[in-house]
Amino acid sequence: MFRSHIFCLFFLIFSLPTHAGEQELIVQGDLWCPYTCEPESAEPGYVIELMHAIFDRGGIKFKYETVPWNRTLLQTRDGKASIAVVATQPEAEQYGLLIGAAAVGNPSDCLYVAPSNKLKYSKADDLNGFKALGVAAGYTYADDVNAWLSRPENKNKIQMQTGDNPAERNAKNLALGRLDGVIEDEQVMQHIIVKFGLQHKLALAGCGKQTPVFVAFSPKLKNAHALVKMFDDGLIELRQNKQLAKILGKYGLSDWK
């Protein structure tokens, strides 16, 4: 099976349009480390490193840019960007983006509060007592959280953070007491907590269910379907040859599958 995956991957690489090796894809995402981190750094994010491991061998180059998430989705839909990282299946469907079967993580909506707040979070209605909740503009949350955010009576409780690094700004505002809570992925927030030394200023109150995320391709790409298959097959190979574990290890992570 391992050798058959390698054969299929190389067959796919050489069956791409002849211009594929010459094209440079534009990859966009906001700063959502450890998934997507600073471009041109030694640790640009594990999803970016996975893409390099898969696409470099096919001679397919890409340029990674950090852009606010809502703009990333729009530009990928319109073909101004080639790939959006990382997107949920509902986001891909809403914007007509192409995703494969291979998820690149399983984040979940977690609630962070001040250490003095002893709330145990398990459902969206646990947020009812909040006066200022930090969330990120353009993000898709779990169904119950989305429903809570859409209620008219909660409109004035929501602090919507825009820009390309909303998680970091929300964390800092919570640490300064400007927010009662923040909804964010655990891996993302843990990275921020360690980076800025916020261990004694933020506390995890609980998490919702996990939601898989994907590398999402623009429907405007002529070889989009071939690239989706290349990524799926490449991720299978990286998992089998242990390179996936090596990349994740750089970020202190383990395989989500």
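Residues numbered from 1 in each chain as written. Predicted model: local features only at pLDDT ≥ 70, side-chain atom pairs only at ≥ 80, totals over all residues. Heavy atoms only, no water.

1. Topic: helix α7 (residues 186-196)
Part 1 of the argument: Listing the buried residues of α7 in full gives V188, M189, I192 and I193. Angular distribution of buried residues about the axis of α7 spans 135°; they occupy a single face of the element. The outward face of α7, more than 90 degrees from its buried face, is lined by the exposed residues V194 and K195.
Part 2 of the argument: Where α7 is buried, its residues meet β4 (108-113), α6 (166-175) and β7 (181-184).
Part 3 of the argument: Just downstream of α7 lies G197, where phi reads positive at about 65°. (Buried < 20%, exposed > 50% of the residue type's maximum accessible area, 1.4 Å probe, protein only. Helix = DSSP H or I, 4+ residues; strand = E, 2+ residues; numbered from the N terminus. Arc of directions from axis to C-beta. Contact = heavy atoms within 4.5 Å.)

2. Some details on the sheet that holds strand β3 (residues 83-88)
Part 1 of the argument: Pairing is mixed in the open sheet, where four strands are placed in the order β2-β1-β3-β9. Two strands in the sheet have a free side with no partner beyond their single neighbour: β2 (61-66) and β9 (213-217). Taken pair by pair, the neighbouring strands of this sheet meet at an average axis angle of 35°, ignoring direction.
Part 2 of the argument: Sheet topology places strand β1 (residues 24-29) next to β3; two bridges connect them, and they run parallel. Within β3, the residue paired with Q28 across the bridge is A84.
Part 3 of the argument: The sheet strands contacting helix α3 (residues 69-78) are β1, β3 and β9, and the helix crosses β3 at an angle near 115°. (Pairing = 2+ DSSP bridges. Axes fitted to C-alpha atoms, helices over the stretch in contact; angles between N-to-C directions.)

3. With respect to the state of the cysteines
Part 1 of the argument: All chains considered together, the criterion is met by two disulfides.
Part 2 of the argument: Disulfide partner of C110: C207, at an S-S distance of 2.0 Å. Around the S-S axis, the bridge from C110 to C207 shows a dihedral of about 105° and counts as right-handed. Of this pair, C110 sits in strand β4 while C207 sits in strand β8 (residues 203-210), placing them 97 residues apart in sequence.
Part 3 of the argument: Taking relative accessible area as the criterion, C207 reaches 30% and is therefore assigned partly exposed.
Part 4 of the argument: Here the disulfide map of the chain reads 1-2, 3-4, the bonded cysteines being numbered as they appear in the sequence. (Disulfide = S-S within 2.5 Å.)

4. What about the environment of E65?
Part 1 of the argument: Looking at the secondary structure, you find E65 in strand β2.
Part 2 of the argument: Here E65 falls in the partly exposed class, since its relative accessible area comes to 23%.
Part 3 of the argument: Spatially, the C-alpha atom of E65 lies 30 Å from that of Q199, the residues being 134 residues apart in sequence.
Part 4 of the argument: Filtering out sequence-adjacent residues up to four positions away, E65 remains in contact with I26, V27, Q28 and G29.
Part 5 of the argument: A polar atom in the side chain of E65 sits 3.0 Å from the side chain of Q28. (Polar contact = N/O pair within 3.5 Å; in protein donor to acceptor, adjacent residues only side chain to side chain.)

5. Observations regarding the packing of helix α2 (residues 46-55) against helix α9 (residues 243-250)
Part 1 of the argument: It is at 9 Å that the axes of α2 and α9 come closest, and there the two elements cross at 150°. The handedness of the crossing between α2 and α9 is right-handed. Along its contact with α2, which presents Y46, E49, L50 and A53, the element α9 presents Q243, L244, I247, L248 and K250.
Part 2 of the argument: In terms of residue class, the contact of α2 with α9 is built from six nonpolar, one polar and two charged. (Left-handed = near helix turned anticlockwise from the far one by under 90°. Nonpolar A, V, L, I, M, F, W, Y, C, P; charged D, E, K, R; others polar.)

6. Here we look at helix α5 (residues 143-150)
Part 1 of the argument: For α5, the full list of buried residues reads V145, W148 and L149. Viewed along the axis of α5, the buried residues span an arc of 100°, placing them on a single side of the element. In this structure, α5 carries D143 and S150 as exposed residues pointing more than 90 degrees from its buried face.
Part 2 of the argument: Where α5 is buried, its residues meet β4, β5 (133-136) and β6 (158-161).

7. Points about the side chain of D30
Part 1 of the argument: Of note, D30 is situated in the loop between β1 and α2.
Part 2 of the argument: Buried charged residue D30 carries no salt bridge. Nearest counter-charge: R169, at 8.2 Å.
Part 3 of the argument: With sequence-adjacent residues up to four places away left out, D30 is seen in contact with T36, Y64, V67, P68, W69, Y139, D164 and P166. (Lys, Arg positive; Asp, Glu negative; His and termini not counted. Salt bridge = Lys/Arg side-chain N within 4 Å of Asp/Glu carboxyl O.)

8. A look at the pairing of β3
Part 1 of the argument: Among the six residues in β3, six count as buried, and that is most of the element.
Part 2 of the argument: Relative to β9, β3 runs antiparallel, the two sharing five bridges. For T88, the partnering residue across the bridge sits in β9 and is V213.

9. Here's the deal with the packing of α6 against α7
Part 1 of the argument: It is the contact of α6 with α7, at a shortest axis distance of 10 Å, that shows an interaxial angle of 60°. When the axis of α6 is compared with that of α7, the two are oblique. Along this stretch, α6 crosses α7, giving a crossing that reads as right-handed. Packed against α6, whose contacting residues are A167, E168, A171 and K172, the element α7 presents V188, M189, I192, K195 and F196 at the interface.
Part 2 of the argument: Looking at the contact of α6 with α7 residue by residue, the classes come out as six nonpolar, no polar and three charged. (Parallel < 35°, antiparallel > 145°, perpendicular 65-115°, else oblique.)

Keep in mind these values describe shape, not function.
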